[in-house]
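Listed here are the chains, written in short residue letters.
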Amino acid sequence: MENNKSNYSYDNVIEVTDTDSSRKYLAKVFTWMFVALGVSAATAYAFLLTLLC
């Protein structure tokens, strides 16, 4: 058998080894997405009110 050794260097790769930290990261991302969705909905509602008046 051949022993293939990888010549790649992963200097700029961020590894998340702990599942708890990856879950916290995803929770933060989805929280910010939910906040952005709320801001978008509020802006759309404000434009709707200005068009109806």
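As shown above, the structure is provided for reference.
Counting restarts for each chain: residues are numbered from 1 in the order of the written sequence. Local features in a predicted model are, by the rule used here, given only for residues with pLDDT of at least 70; side-chain atom pairs are given and counted only at 80 or more, and totals for whole chains, interfaces and linings are based on all residues. Side-chain calculation: all heavy atoms of the structure are included, whereas hydrogens and water are not.

**Student:** Just to check I follow, could you spell out the overall build of the protein chain for this structure?
**Tutor:** Check the secondary structure of the protein chain and you find one helix and zero strands. Exposure is judged per residue with a 1.4 Å probe applied to protein chains only, and the accessible area is read against the type maximum: over 50% gives exposed, under 20% gives buried, and values in between give partly exposed. Taking all 53 residues of the protein chain together, 0% fall into the buried category. Accessible surface is estimated by sampling points in the Shrake-Rupley manner with a 1.4 Å probe; for residues, cover comes only from the protein chains shown. Only carbon and sulfur atoms are counted for the fraction: they give 63% of the accessible area of the protein chain, which is about 5800 Å². Comment: elements are numbered from the N terminus, with helices defined as DSSP H or I runs of at least four residues and strands as E runs of at least two.

**Student:** Can you walk me through a nonpolar patch on the surface in this structure?
**Tutor:** What makes a patch is a set of residues exposed beyond 30% relative accessible area and free of salt bridges, joined within 9 Å when like-charged and within 5 Å when nonpolar (Val, Leu, Ile, Met, Phe, Trp, Tyr). Within this document, salt bridges are pairs made up of a side-chain nitrogen of Lys or Arg and a carboxyl oxygen of Asp or Glu, the two lying within 4 Å of each other. On the surface, Tyr25, Leu26, Phe30 and Met33 cluster together to form a nonpolar patch covering roughly 470 Å² of accessible area. As for its position among the elements, Leu26 is in helix 1 (residues 19-52).

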